Protein chains: 4
Amino acid sequence: MTHSIAIIGASGYTGAELIRIIATHPSFEITALAANSKAGQSMSTVFPHLRHLDLPELVRWDQIDYAQIDLCFCALPHKTSQEVIGALPRDLKIVDLSADFRLRDPLQYQAWYGNPHLAPDLQAEAVYGLTEFYRSQIASARLVAGTGCNAATGQYMLRPLIQNRVIGLNDIILDLKCAVSGAGRSLKENLLHAELSEGYNAYAVGGTHRHLGEFDQEFSALAGEDVKIQFTPHLVPANRGILATGYVTGNGHDVHAALSAAYGSEPFIEMLPFGQTPSTHHVRGSNFCHIGVVADRLPGRSIIVAALDNLTKGSSGQAVQNANLMLGEDETAGLLMVPCFP
Amino acid sequence: MTHSIAIIGASGYTGAELIRIIATHPSFEITALAANSKAGQSMSTVFPHLRHLDLPELVRWDQIDYAQIDLCFCALPHKTSQEVIGALPRDLKIVDLSADFRLRDPLQYQAWYGNPHLAPDLQAEAVYGLTEFYRSQIASARLVAGTGCNAATGQYMLRPLIQNRVIGLNDIILDLKCAVSGAGRSLKENLLHAELSEGYNAYAVGGTHRHLGEFDQEFSALAGEDVKIQFTPHLVPANRGILATGYVTGNGHDVHAALSAAYGSEPFIEMLPFGQTPSTHHVRGSNFCHIGVVADRLPGRSIIVAALDNLTKGSSGQAVQNANLMLGEDETAGLLMVPCFP
Amino acid sequence: MTHSIAIIGASGYTGAELIRIIATHPSFEITALAANSKAGQSMSTVFPHLRHLDLPELVRWDQIDYAQIDLCFCALPHKTSQEVIGALPRDLKIVDLSADFRLRDPLQYQAWYGNPHLAPDLQAEAVYGLTEFYRSQIASARLVAGTGCNAATGQYMLRPLIQNRVIGLNDIILDLKCAVSGAGRSLKENLLHAELSEGYNAYAVGGTHRHLGEFDQEFSALAGEDVKIQFTPHLVPANRGILATGYVTGNGHDVHAALSAAYGSEPFIEMLPFGQTPSTHHVRGSNFCHIGVVADRLPGRSIIVAALDNLTKGSSGQAVQNANLMLGEDETAGLLMVPCFP
Amino acid sequence: MTHSIAIIGASGYTGAELIRIIATHPSFEITALAANSKAGQSMSTVFPHLRHLDLPELVRWDQIDYAQIDLCFCALPHKTSQEVIGALPRDLKIVDLSADFRLRDPLQYQAWYGNPHLAPDLQAEAVYGLTEFYRSQIASARLVAGTGCNAATGQYMLRPLIQNRVIGLNDIILDLKCAVSGAGRSLKENLLHAELSEGYNAYAVGGTHRHLGEFDQEFSALAGEDVKIQFTPHLVPANRGILATGYVTGNGHDVHAALSAAYGSEPFIEMLPFGQTPSTHHVRGSNFCHIGVVADRLPGRSIIVAALDNLTKGSSGQAVQNANLMLGEDETAGLLMVPCFP
């Protein structure tokens, strides 16, 4: 059975990545593409790498006939997303890739994003889209909120450890290195090749990155108490990839065992042998997440390193994985492409 | 029907790319992987990006039971390849990715590669693997010689123009820019990140690059007279991609028309609208080749720019395309992955 | 003796490069920095790599007291530059880095840049700033027009050959590969790291790049007849560097001899031994230009490859070299920094 | 007064960087260059970016007449370095860039480097070369041991804080991101452009990196008690640069104040305003180190970020700074080149 798919916000990187994945998906067919600022243009103009595909022309999102759509991906900026989704039919299946429905508490949303939420009812309805941990709710959800790409990486590393109390909860430090596509196709000076290539830096230092809202919400819920981690993202000169280095207190072998137990049957999470750590290059362009654990020379401390592709497992791949569940397809359908190395 | 596939030379980049493609191929199954220098190792050690795949362990090529193999890819260095293929069963279907069977004339082989050919009978048997132009011969071939990656790019640009005499044959200049994976996984100083990143240069300048042997052979055969082009490759700081800029005499619109006519129904060759030129980023990781034509301000001169991924359309993707034909499968099977941009 | 220096347009890459060079110049002192859009800001905000320097705050260009200035560098966009320089004192020594005074013929200026020239008297007064060929005029000039970075590279390669008729004048092809800083600090989609890294492409194909106006003017004047070359620039994923590959008819040894004779005593132009060609990495961050010559396998044809740093020898280094001459200093003062490799 | 300088181990990156700096040093003159494996070659062959310099040919280190040498830089691999320096005249001033004389305790040396030290007397004589903290001893030293590049970065960030007990000593975490030239010009698979570009990873995870020996030695001496930090280096796809992110307990403003007090009059250490953090791009090719401090959202925790160029301030620039002191020159002589941005 073929599902009719719409993408709103198709002119950004996550939109392009959705199309890249869906183009070879066995049962998804793209029937509508929207990007208000580029309505009327062809996708081959906006993204020449898609020129061989027979794709519908870009339209405004309100020009789509949603009655014909089985599932809609929404890849808009936060704040815009809640406006648009608020105006879409209430029976339309939606996977939202923005930040708008990740936080369940309207006050937390406002605290992290600076504006009051315009669709708190949808916020309540939305299921958090970290597939491996919300699988059954996602399968029956109408509206799924894709996670932050950094938030996904950190949670893959830490959720089983927090849940099983394998590590201390008061001194978790997450040092994350993110490639530039995580910032989207926005015209900012620091995203220019001339500024970024041969340069790298920390940003949002000190606990101001918005994905901390997701960590706080999820980790505290898991632990049944307030858990607040330290989180420092860095921008590195690469196009795709997140490498997260976690510093925790806890026995290395216990940490490795807990993660291995949690992910033993997961199709997309690969545990490396104890003592090995991953590289972003080895997950590039794929839906896989590689995780490694090392015991530090200081007794009782461990280092965990996780790698995934921010555009795929961190965003559009996760979105398709959730859509598969929502539409009753095999969860891995369309998502088994091998990492593109070198 | 599933075909049993072996890969000899699986520890290099073209070997890894074959596995990347075949892993999601609907009817190919990898049953043997050989790499003499790494026999006994697992592929996940040699290429960690393949760790999620259930692949056979690396063996020596003489340990494979070829009676069980439907088709064998051979991704060895030239000279080694002719030795190995010479020792394989004579009824085994083989796609060779080396340079050993590209040149039909043993003297030309010796002139360009410096050593006498050890298997001239196989050289005579081999079919040149530029799919779009040798399709029927490939379909019935036992041994197919994959083309040089630069040679493929230049021929896509020039064959229809030479065949149809749309351009002058005495002043064809091909200025080619190749990414670093074209040099393979060899440990050479100039391939180090520290040497290549932020640097680029010409090499094999003056007509010494071995792929010229293929150009001479193919273009002269097409024209029915001696055709010798100028060809200068350059190494640029990127991992994948070939961008070839061709300078020819001939009317731009005629050039565009001839190429458009030649490739109108080809699944992997995309002609850009007249006046537009491609980028390597838009074919990255895919089996597509994009070609654009511009008329120069000087009357009667045209510029053609072609882009493809050296590891895919220039090598392993081409090899799978040929294997599809040899095994009676759809020519595009397993090869429709969308370019990985950004 | 210390010369008081002003820089107008100090917030762009060529402005920053001027400051980088002048900061260690033995007799230049920066006393004023202007950038209208960032007036009031400190240079360490605009360019944090300059934070250790004791630099004046950015002002508007009309706030500078030019009576205190010995020489002014003007690093504004073209068109703006002619307006500003038209309003500056007519006895102020100026090195302009824009395109506004490179073309001596107002009609040619209008043809290439699309707008009528607003200061044709200054256009007539300006000396073309290709130091090695206009040395004595520059030394006595009041207003010097810095050359285009591509135009400089091509001229270093070709002027001695055209002047001495060592090569044919009707079939000169220049294929140029330029790093991204040549496009300035402008916010354009194709200059983003995510778009450019791992991608490269031709642009302004077919003879539309404005630096062709300089080639036409200079080569025709040298030859005493109309000379029009083919010129195709390419954008490559690197921050600094121009590599130009020239295809000419002419004997390789004659070509090498003519260039060697022309540059034998030049401090910044390095001829490589016959048969060798340069890399951009080996001139990075320096004022040197490396040139190599190879004879093609086709008799009577030669390939010339030249490399320089577009921001230094192609722009700000050239500007300081000219300023040294205009102020009676040693031509190499402040310019002998060694290329920054790796 | 001109000092006659020899460099042993001139064919590696730190050797090339020494030459880059010394070429424009006002009072140093290179009179001998040694590299045993490349003896007899010219430096322009080994490093084409140095071709404009009039440098002595490479010789074997035992061919140098040390009686004519005022100071010798030794840029050999560890273990080789102690053999060579052990054989040099005992009155020759030496700045060693290897790891051989950084650790004062022979047992610690053996523990970290795996081999017994062959010159324990020289080990005792050597002064640790972190200029800002060993200035007077260096000025009167005969043999100075250059620090590890990672070790320098971490110490600039942490020494004043440990010494002044501004931070807790039991939970210091240093997450460091190093560019590839730190690994030298060695032919290793993971240093290839094709492997590293678009990929990044942790290495020596868990406290096995040898620079920890220096941290242990120096921090424990400063504190008067055993101090052991956690240290995880990462390899990122850039040529030059170290970015170190430190996680400490301590008040952010106190941390910033302590560092500002320590470095207020240092010529090469730049403190950023509180709340700002540096980028490696802004110190590239220079001898500067930029340090920033941010208070975390979690009370009592601070993040410190330091950036320097591993080849300059982390190695060869530091070496020249020390040589200046040893020869009675201004400490900053030859070292004020501005970072090469972009």
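These numbers were taken from a predicted model, which means no experiment stands behind them.

### Focus on the overall build of chain A
Piece 1. When helices and strands are tallied, chain A shows 11 helices and 14 strands.
Piece 2. A compact globule built from 342 residues would reach a C-alpha radius of gyration of about 20 Å, and chain A, at 19 Å, matches this within 12%.
Piece 3. Expressed along its principal axes, the backbone C-alpha trace of chain A runs to roughly 60 × 40 × 40 Å.
Piece 4. Relative to its full complement of 342 residues, chain A shows a buried share of 63%.

### Re the relation of the copies chain A and chain D
A rotation about some axis, followed by a shift along it, carries one copy of the chain onto the other.
Piece 1. Note on the identical chains: chain A maps onto chain D by a rotation of 180° and an axial translation of 0.0 Å, with an RMSD of 0.0 Å. As the rotation angle and translation indicate, the two copies are arranged about a two-fold axis. No C-alpha of chain A approaches the rotation axis more nearly than that of Pro 237 of chain A, which lies at 3.3 Å.

### Remarks on the sheet that holds strand E10 (residues 230-235) of chain B
Piece 1. What the seven strands build is an open sheet, ordered E9-E10-E8-E11-E14-E13-E12 (chain B); its pairing is mixed. Where the open sheet ends on each side, the last strands, each with one partner, are strand E9 (201-202) and strand E12 (269-271) of chain B.

### Some words on the relation of the copies chain C and chain D
Piece 1. Least-squares fitting of chain C to chain D yields an RMSD of 0.0 Å, with the superposition described by an axial translation of 0.0 Å and a rotation of 180°.
Piece 2. A share of 100% of interface residues in chain C that are also interface residues in chain D marks the association as one of identical surfaces.

### Some words on the domain arrangement of chain A
Residue and element names in this part refer to chain A.
Piece 1. Domain annotation of chain A identifies domain 1 (3-147 + 313-326) and domain 2 (150-310).
Piece 2. A C-alpha centroid distance of 24 Å is found between domain 1 and domain 2.
Piece 3. With 19 residues of domain 1 in contact, the opposing surface of domain 2 contributes 22 residues.
Piece 4. Elements represented by at least two residues in the side of domain 1 that touches domain 2 include exactly helix H4 (106-113) and helix H11 (312-326).

### Section: the sheet that holds strand E6 (residues 127-128) of chain C
All names here are of chain C.
Piece 1. Taken in spatial order, the seven strands of this open sheet run E3-E2-E1-E4-E5-E7-E6, and their pairing is parallel. Looking along the sheet, the strands with just one partner apiece sit at the ends: strand E3 (58-59) and E6.
Piece 2. Strand direction decides the pairing type here: strand E2 (residues 28-34) and E3, joined by two bridges, are parallel. For Ala 34, the partnering residue across the bridge sits in E3 and is Val 59.
Piece 3. Along the sheet, helix H1 (residues 13-22) makes contact with strand E1 (3-8), E2 and strand E4 (71-74), crossing E1 at roughly 160°.

### Points about the packing of helix H7 (residues 149-163) of chain C against helix H11 (residues 312-326) of chain C
Residues and elements named next belong to chain C.
Piece 1. Closest axis-to-axis distance for the H7/H11 pair is 8 Å, and the angle between their directions is 100°. Classified by the angle between their axes, H7 and H11 sit roughly perpendicular to one another. Contact with H7, carried on its side by Cys 149, Ala 152 and Thr 153, involves Lys 313, Gly 314, Ser 315 and Gln 318 of H11 and no other residues of that element.
Piece 2. Tallied by class, the residues present in the contact of H7 with H11 amount to two nonpolar, four polar and one charged.

### Things to note about the pairing of strand E14 (residues 301-308) of chain C
Residues and elements named next belong to chain C.
Piece 1. Counting buried residues in E14 gives eight out of eight residues, a clear majority hidden from the surface.
Piece 2. Both faces of E14 are covered, namely the face carrying Arg 301, Ile 303, Val 305 and Ala 307 and the face carrying Ser 302, Ile 304, Ala 306 and Leu 308.
Piece 3. One ladder, built from eight bridges, connects strand E11 (residues 242-249) with E14; its direction is antiparallel. In the sheet register, Val 248 faces E14, and the bridge partner there is Ser 302.
Piece 4. Bridge count for strand E13 (residues 289-295) against E14 is seven bridges, and the pairing is antiparallel. Within E14, the residue paired with Cys 289 across the bridge is Leu 308.

### A look at the nonpolar core
Piece 1. Ranked by internal contacts, the top residues of the largest apolar core, which has 480 residues, are Ile 7 of chain A, Ile 7 of chain B, Ile 7 of chain C together with Ile 7 of chain D.
Piece 2. Not counting chain neighbours up to four residues away, the residues in contact with Ile 7 of chain D comprise Gly 15, Leu 18, Ile 19, Ile 30, Leu 33, Phe 73 and Ala 75 of chain D.

### Considering the confidence of the model for chain A
Piece 1. With 100% of its residues at a pLDDT of at least 70, chain A reaches an overall mean of 97.
Piece 2. As a predicted assembly, this complex carries a pTM of 0.98 together with an ipTM value of 0.97.

### So, the interface of chain A and chain D
For interface size, the figure often reported is the accessible area lost on association.
Piece 1. Taken together, the contact pairs 41 residues of chain A with 41 residues of chain D.
Piece 2. For the side of chain A that touches chain D, the secondary-structure elements that each account for two or more residues are strand E8 (173-178), helix H8 (193-196), strand E9 (201-202), strand E10 (230-235), strand E11 (242-249), strand E13 (289-295) and strand E14 (301-308) of chain A.
Piece 3. A class-by-class count of the residues in the side of chain A that touches chain D yields 17 nonpolar, 14 polar and 10 charged.

### A look at the interface of chain C and chain D
Piece 1. In this complex, chain C contributes 25 residues to the contact, which on the side of chain D involves 26 residues.
Piece 2. When residues in the side of chain C that touches chain D are grouped by element, the largest group, three residues, is from H1 of chain C.
Piece 3. Taken together, the residues of the side of chain C that touches chain D break down into 14 nonpolar, seven polar and four charged.

Quick notes on the rules
Residues numbered from 1 in each chain as written. Chains lettered and ligands numbered in written order. Predicted model: local features only at pLDDT ≥ 70, side-chain atom pairs only at ≥ 80, totals over all residues. Helix = DSSP H or I, 4+ residues; strand = E, 2+ residues; numbered from the N terminus. Rg over C-alpha atoms; globule rule 2.2 N^0.38 Å. Buried ≥ 20, exposed ≤ 12 C-beta atoms within 10 Å, placed from the backbone. Least-squares fit on C-alpha atoms with pLDDT ≥ 70 in both. Pairing = 2+ DSSP bridges. Contact = placed C-beta atoms within 7 Å. Domains from an automatic or database assignment. Axes fitted to C-alpha atoms, helices over the stretch in contact; angles between N-to-C directions. Parallel < 35°, antiparallel > 145°, perpendicular 65-115°, else oblique. Nonpolar A, V, L, I, M, F, W, Y, C, P; charged D, E, K, R; others polar. Core = buried A, V, L, I, M, F, W, Y, C linked by C-beta atoms within 7 Å. pLDDT = per-residue confidence, 0-100.

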